[in-house]
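Chain residues, written in single-letter form:
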Amino acid sequence: MRQEGFSTPQICDLIGIPYGTLYHWLSTDFITPSLTKPQGRGKAARWAFRDVVAIQTAQALRQHGISLQGLRKVVSYIQTHFDVEQPFSERWLATDGHEVYLLCGDALLALLRKGGQRTLFHLVDMRQTTAALQAKVHPPASNTTTQKPLGYTGTKQRNNYTRCRKRTRQHCLTRTP
């Protein structure tokens, strides 16, 4: 009979995290398995895929310089302010090695130094930006008339300006009819 989820050794092999690190996180309740909690010697832990994502995220943040104490603070903040059970697998997080940022709407919140403080970063949603530009360049064919992409004239455009040189080698632009 095949068991559901992942075993602890499978996760260690999959992510590349040392068994001792994962065991420490498990024994201190930093990250706990959602399928089966270990009980003595007879029952091993079984981890769901979202647990694997959370472990991978925590491992990546640790590798980028965030302390375990800092990660505990991040988990606590997110769980209390956003009612999230698994912050590392359910939220978008970023780090610069000193601070952990949480994407909240269109803002980044700093979570370590001053929990919940908005940052001065301006985020650009590249999917939305790209889709809007695609719609402008290649509008949907809703009319029976064929629409040309934005900026398309059908003929080679002539530049109405020519460059001339004066004796002093200064450049100027003159308009041609």
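Residues numbered from 1 in each chain as written. Predicted model: local features only at pLDDT ≥ 70, side-chain atom pairs only at ≥ 80, totals over all residues. Heavy atoms only, no water.

Trainee: Any chance you could break down the overall build of the protein for me, citing the residues and the numbers?
Mentor: Secondary structure summary: the protein contains six helices and eight strands in total. The buried share among the 177 residues of the protein stands at 28%. Taking all contacts inside the protein whose residues are at least 6 apart in sequence as the whole, residues at least 24 apart take part in 40%. Here the protein displays about 13,200 Å² of accessible surface, and carbon together with sulfur accounts for 52% of that area. (Helix = DSSP H or I, 4+ residues; strand = E, 2+ residues; numbered from the N terminus. Buried < 20%, exposed > 50% of the residue type's maximum accessible area, 1.4 Å probe, protein only. Contact = heavy atoms within 4.5 Å. Areas by Shrake-Rupley, 256 points an atom, 1.4 Å probe, with all protein chains shown as cover.)

Trainee: Which residues make up the side chain of Thr8, and what are the values?
Mentor: Summarising the element assignment, Thr8 is placed in helix α1 (residues 8–15). Beyond its immediate stretch of four places on either side in the chain, Thr8 contacts Tyr19, Leu22, Ala45 and Trp47.

Trainee: Break down α1 for me, with residues and values.
Mentor: Among the residues of α1, those classed as buried are Thr8, Ile11, Cys12 and Ile15. For α1, the angular spread of the buried residues around the axis is 100°, confining them to a single face. Of the exposed residues in α1, those oriented more than 90 degrees away from the buried face are Asp13 and Leu14. Contacts made by the buried residues of α1 are with β1 (6–7), α2 (19–27), β2 (46–47) and α3 (49–63). Just downstream of α1, Gly16 is the residue with a positive phi angle, here 90°. (Arc of directions from axis to C-beta.)

Trainee: Describe the layout of surface pockets, with residues and values.
Mentor: One number sums up the size of the largest pocket: a volume of about 210 Å³. When residues of the lining of the largest pocket are traced back to their parent elements, those giving at least two are α1 and α2. When residues of the lining of the largest pocket are assigned to their parent elements, the largest contribution, four residues, is made by α2. When its residues are assigned to classes, the lining of the largest pocket shows eight nonpolar, four polar and two charged. Space inside the second largest pocket adds up to approximately 170 Å³. Considering the residues around the second largest pocket, the lining is formed by 15 residues, among which Phe30, Ile31, Thr32, Glu85 and Gln86 are closest to the centre. Those elements giving two or more residues to the lining of the second largest pocket turn out to be α3, α4 (68–82) and α5 (87–90). The residue inventory of the lining of the second largest pocket, partitioned by class, reads seven nonpolar, four polar and four charged. (1 Å grid on protein atoms, 1.4 Å probe; cavity = no way out; pocket = protein on both sides within 12 Å on 5 of 7 lines; lining within 4 Å. Points joined across faces, edges and corners; volume = space filled by probe spheres on them. Nonpolar A, V, L, I, M, F, W, Y, C, P; charged D, E, K, R; others polar.)

Trainee: Give me the packing of aromatic side chains: which residues, what numbers.
Mentor: The description of two aromatic rings rests on the distance between their centres and on the angle between their planes. One pass over the full model with this rule turns up four aromatic pairs. Here the aromatic cluster, defined as three or more aromatic residues joined through ring pairs, consists of Trp25, Phe30 and Phe88. (Phe/Tyr/Trp six-rings, centres within 6.5 Å; stacked < 30°, edge-to-face > 60°.)

Trainee: Requested: an account of the side chain of Gln59, with residues and values cited.
Mentor: Tracing the chain through its elements places Gln59 in helix α3. Residue Gln59 is classed as buried on the basis of its relative accessible area, which comes to 10%. Non-local contacts of Gln59, meaning those with residues more than four positions away in its chain, are made with Gly16, Ile17, Pro18 and Trp25.

Trainee: Give a description of the nonpolar core that names residues and reports values.
Mentor: The tendency in soluble globular proteins is for nonpolar side chains to be buried as a group. Ranked by size, the top nonpolar core spans 31 residues in total, and within it Trp25, Phe30, Ile55, Phe88 and Leu111 carry the most contacts. Within the residue set of this core, elements represented by two or more residues are α1, α2, α3, α4 and β4 (100–104). It is α4 that contributes the most residues to this core, six residues altogether. (Core = buried A, V, L, I, M, F, W, Y, C linked by side-chain atoms within 4.5 Å.)

Trainee: Before we move on, can you summarise unusual backbone geometry with the specific residues and values?
Mentor: Even without being a glycine, Asp29 presents a positive backbone phi close to 60°. Checked against the element boundaries, Asp29 lands in the loop between α2 and β2. The exposure class of Asp29 is exposed, given its relative accessible area of 58%. Although it is not a glycine, Asp83 sits at a positive phi angle of roughly 50°. For Asp83, the position within the fold is in the loop between α4 and α5.

Take it as geometry only, folks, not as evidence of what the structure does.
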